[in-house]
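So you can see what is in the structure, the chains are spelled out below.
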Amino acid sequence: MIRLKKAIMYPYRCIETTQELDLSKNIIALVGRNEAGKTSALELLAKSNYYNTESGRFHFDEQADFPRRKRRELLAAKKAPPATVLTYEVTGELLEEIHREMILPEQKAEFCRMTDYVGAHQVIDNGFTYDAYAFWETYTSQKAPELMGMHKELATLHTKEDFERFSVKVSAVLGKPEQTVLKKVGRFFDNPHNWDNPINEYVFRTWLLPNIPRFLYYDECFMLPSEICLEQLENRSQTPDGQTVCAFLALTGLDVKAILNAEDLSVFQADLEIAQAELSDSFLQVWTGNSDLRIELGLSRKIVTPQQKKGLFRKKVPPVYETTLQIQIKDVHSMISLPLTSRSKGFQWFFSFWVWFEAIKKTERTPFVFLLDEPGLHLHEDAQKNLLDFLQKLSETYQIMYTTHSPFLLENSRQSVYRLVNGENGTVITVT
């Protein structure tokens, strides 16, 4: 796997000087007064490598994001200024797979990638670099003995075109077994990023780039509504709450297309009952505040436009329907059902975050770093401790960074805590 090891933050909004965070622990808490820059720190990281590239919120904007007092530096710069430099560490099975293919050891099992204000990425310090001659000498002797006499020529090739010309040149003197092996090693020369050393580019493109953790940002904007209009899903899929809505529908397993095309919604009653039972059972494994709560789902449909237009000819038009999925929370002790948005703010936040996380866990395979802005803000002390336990379990698989004002979310000896203070020189970040 690849994990985030260190972050260097360059000027961004209230962060006017370069700041550095050690991210070696899996849980990082950011504390400080209001307007100290905690949310800005999370957003800066999110914009460096957000999981959803179509999200307009998490793209750099020089006009809005670069500190105003450093505006002259931006105007004088000949290229986009840097935003972050992130250091990643490669461990476990991924490192072993690289070793098996490359044979030679890397210089160090980490690399750094810089992101600038136009969102461009550049690897600036790569421990996975190999001497081309040493690599081909070792590779041909251990994995491709049919090509042992060609290691010197292979070490001089840089591009796919170079390799193709070389293949044409030597094919006349090679037998079919040798030609087959030569064709297989052509993968090392694709070099679409046009690096000087195609071997290094191959390792980065094949093994490192697909496994770089992406950031997921979560705040109150992602809260799940009580009613979901199924006809409007496509229009709101990129909004924060719309993403949570899509996540919830994925968890239910309901066939939205079939529901929209159905004339009788009652045929989906069994599907709704199965979904609400499974969701209730899963949620109560992490929510211990009230074990009497159950999730209830319902479907309804209404006509939102009249069947006839007003006017001289009163031309008939087909009706336009609105199909709604309702989410209610029932207390089986009091036998009272309320819409989700009528429950406490703390419960709404926890439930929405759980939905969002569970859906991502089931549908995405790329590693993530969770960025949580004020998690559990409305939760009671006991529920905040419950949330901290939940985050601790998540941290066994994911790295987590969150902002908080609550002392109850700092009661974990295995987390790092950074304090942010906004002074004359902007936000300064120090470890506590």
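Keep in mind that this is a model prediction, so the values were computed, not measured.

A. Looking closely at empty space enclosed by the protein. Under the counting rule described, the total for this entry stands at two cavities of 30 Å³ or more. Counted as a void, the largest cavity has a volume near 50 Å³. Residue lining of the largest cavity: Leu4, Leu23, Lys25, Ile28, Leu45, Phe215, Val369, Leu371, Gln399, Ile400 and Met401, and that is the complete set. Breaking the lining of the largest cavity down by element, the ones donating at least two residues are strand S12 (368-373) and strand S13 (399-403). A per-element tally of the lining of the largest cavity places S13 first, with three residues. Residue composition of the lining of the largest cavity, grouped by class: nine nonpolar, one polar and one charged. Of the voids in this model, the second largest cavity is the one considered here, and its volume is about 30 Å³. In this structure, the second largest cavity is lined by Ser280, Phe283, Leu284, Leu293, Arg294, Ile295, Ile329 and Phe347. Listing elements by their share of the lining of the second largest cavity, those giving two or more residues are helix H13 (269-283) and strand S9 (293-303). For the lining of the second largest cavity, the leading source of residues is S9, giving three residues.

B. View of the nonpolar core. Within the largest apolar cluster, 133 residues are counted, with the highest numbers of intra-cluster contacts made by Ile98, Trp136, Phe188, Phe248, Leu325 and Phe351. Broken down by element, this core gets its largest block of residues, 11 residues, from helix H14 (residues 345-363). Filtering out sequence-adjacent residues up to four positions away, Trp136 remains in contact with His151, Leu154, Ala155, Val185, Phe188, Phe189 and Ile199.

C. Structural view of the pattern of salt bridges. In this structure the tally under the stated criterion is 17 salt bridges. Measuring nitrogen to oxygen at the nearest pair gives 2.8 Å for the salt bridge that ties Lys5 to Glu110. Taken as a pair, Lys5 in strand S1 (residues 2-9) and Glu110 in strand S5 (residues 110-116) lie far apart in primary sequence, 105 residues in all. Given a relative accessible area of 30%, Lys5 falls into the partly exposed group. A residue is classified by how much of its surface remains accessible, and Glu110, at 17% relative accessible area, is buried. A salt bridge links Lys330 to Glu296; the shortest N-O distance between them is 4.0 Å. With Lys330 in strand S10 (residues 321-331) and Glu296 in strand S9, this pair connects stretches of sequence that are 34 residues apart. Relative accessible area serves as the criterion here: at 23%, Glu296 is assigned to the partly exposed category. Overlapping salt bridges, with partners in common, bring together Arg13, Glu43, Lys47, Arg57, Asp65 and Asp219 in one network.

D. Spotlight on the pairing of strand S3 (residues 27-31). Taken across its five residues, S3 has five buried, putting it largely inside the fold. Judged by which residues are buried, S3 turns out to be covered on both faces: Ile27, Ala29 and Val31 on one side and Ile28 and Leu30 on the other are all buried. Pairing geometry for S3 and S13, over four bridges, is parallel. Following the sheet pairing, Leu30 is matched in S13 by Thr403.

Criteria and cut-off values
Residues numbered from 1 in each chain as written. Predicted model: local features only at pLDDT ≥ 70, side-chain atom pairs only at ≥ 80, totals over all residues. Heavy atoms only, no water. 1 Å grid on protein atoms, 1.4 Å probe; cavity = no way out; pocket = protein on both sides within 12 Å on 5 of 7 lines; lining within 4 Å. Points joined across faces, edges and corners; volume = space filled by probe spheres on them. Helix = DSSP H or I, 4+ residues; strand = E, 2+ residues; numbered from the N terminus. Nonpolar A, V, L, I, M, F, W, Y, C, P; charged D, E, K, R; others polar. Core = buried A, V, L, I, M, F, W, Y, C linked by side-chain atoms within 4.5 Å. Buried < 20%, exposed > 50% of the residue type's maximum accessible area, 1.4 Å probe, protein only. Contact = heavy atoms within 4.5 Å. Salt bridge = Lys/Arg side-chain N within 4 Å of Asp/Glu carboxyl O. Pairing = 2+ DSSP bridges.

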